[in-house]
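Structural features, examined
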Amino acid sequence: MATIKQIQITFDCAEPERVARFWCEVLGYVVPPPPKGFADWGAFDRALPAERQGSAFACVDPSGVGPRLFFQRVPEAKVVKNRVHIDVRVGAGLVGEERLAALEAECARLIPLGASRVRLLTADGENESCLVMQDVEGNEFCLD
């Protein structure tokens, strides 16, 4: 029998801290404490060589249940659809108008944080409705 493994989800991005802080707000995650010997992450970042400053950031589920999210700076911009994306489960167990209301309410909360609404996929008899969105750097995710 396989053992349960912890996972980390890694985002390639241009501005790691900005994207990490967006996802903290979306998911209720927090920035972990800085490494020992540093008052804050800014002090840690300033101690790095210039070319590595601002190159990575992370956030964690404060309950310890969800995966760690890691954000790393890459030189290229996003140009195509994600092959993997996050589903934010705000409508789990809801159907019809009640589900749509939950999706729309969460969408309204996320847009001021920098998210963009892409399209609503309406229920089709097999799948419930979901709302496709993008984070602050254009990475797709779904409100499900």
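Before reading on, note that the structure itself is shown above.
These remarks concern the structure in this document. Treat the numbers as computed from the prediction; the structure is a model and nothing was measured.

Each helix and strand counted, the chain has three helices and seven strands in total. C-alpha extents for the chain along the principal axes are approximately 55 × 40 × 30 Å. Burial statistics for the chain: of 144 residues in total, 31% are counted as buried. When contacts within the chain are restricted to residue pairs at least 6 apart in sequence, those whose partners lie at least 24 apart make up 58%. Entry remark: accessible area of the chain is about 9,200 Å², with carbon and sulfur atoms responsible for 55%. Between the averaged position of the 16 positive side-chain charges in the chain and that of its 21 negative side-chain charges there is a distance of 6 Å.

On the basis of which strands lie adjacent, the open sheet formed by three strands has the order 1-3-2 and mixed pairing. Two strands close off the open sheet at either side, each with one partner strand: strand 1 (8-13) and strand 2 (56-59). Mean inter-strand twist for the sheet, computed between neighbouring axes without regard to direction, equals 20°. Here strand 2 pairs with strand 3 (residues 68-73) via four bridges, running antiparallel. Of the residues in strand 3, the one forming a bridge with Cys-59 is Leu-69. Each of strand 1, strand 2 and strand 3 touches helix 1 (residues 16-27); the most contacted strand, strand 3, lies at about 155° to it.

Moving on, we come to helix 1. With 12 residues, helix 1 ought to run about 16 Å at 1.5 Å a step, and its terminal C-alpha atoms sit 16 Å apart, in line with that. Here helix 1 has its buried residues at Pro-16, Val-19, Ala-20, Phe-22, Trp-23, Cys-24 and Val-26. Buried-residue contacts for helix 1 involve strand 1, strand 2, strand 3, strand 4 (86-88), helix 3 (96-110) and strand 7 (140-143). Where helix 1 ends, the next residue or the one after it, Gly-28, has phi of about 75°, a positive value.

This part is about the nonpolar core. In globular proteins that are soluble, nonpolar side chains generally tend to be buried together. With 24 residues, the main nonpolar core has Trp-23, Phe-71, Met-133, Phe-141 and Leu-143 as its most contacted residues. Secondary-structure elements contributing two or more residues to this core are strand 1, helix 1, strand 2, strand 3, strand 4, helix 3, strand 6 (130-134) and strand 7. With six residues, helix 1 is the single largest residue contributor to this core. Among residues more than four places away in sequence, those in contact with Met-133 are Cys-107, Leu-110, Ile-111, Ala-115, Ser-116, Arg-117, Val-118, Asn-139, Glu-140, Phe-141 and Leu-143.

Cut-offs and rules
Counting restarts for each chain, with residues numbered from 1 along the sequence as it is written. Per-residue local features are limited, in this predicted model, to residues with pLDDT of at least 70; the limit for side-chain atom pairs, both in listing and counting, is 80 or more; totals at the level of whole chains, interfaces and linings are taken over all residues. The basis for every side-chain value is the complete set of non-hydrogen atoms in the structure, without hydrogens or water. Each helix is a run of DSSP H or I of at least 4 residues and each strand a run of E of at least 2, with the numbering of both proceeding from the N terminus. Think of it in three bands: residues with accessible area under 20% of the maximum for their type are buried, residues over 50% are exposed, and the middle band is partly exposed, with areas taken using a 1.4 Å probe on protein chains only. Throughout, a residue-residue contact means that at least one pair of heavy atoms, one from each residue, lies within 4.5 Å. Here, Shrake-Rupley sampling with a 1.4 Å probe gives the accessible areas, and only protein chains in the shown set may cover a residue. Charge convention: Lys and Arg are scored as positive, Asp and Glu as negative, and His as well as the terminal groups of each chain are ignored. A charge is said to be at NZ when it belongs to Lys, at CZ for Arg, at CG for Asp and at CD for Glu. By definition, two strands form a pair when at least two bridges between them are found by DSSP. Angles here are taken between N-to-C directions and fall from 0 to 180 degrees, while the axes themselves are lines fitted to C-alpha atoms, restricted in helices to the stretch in contact. Here the expected length of a helix is defined as 1.5 Å per residue gap, with one fewer gap than residues. Put simply, a nonpolar core is a bunch of buried Ala, Val, Leu, Ile, Met, Phe, Trp, Tyr and Cys residues held in one set by side-chain atoms that sit within 4.5 Å of each other.

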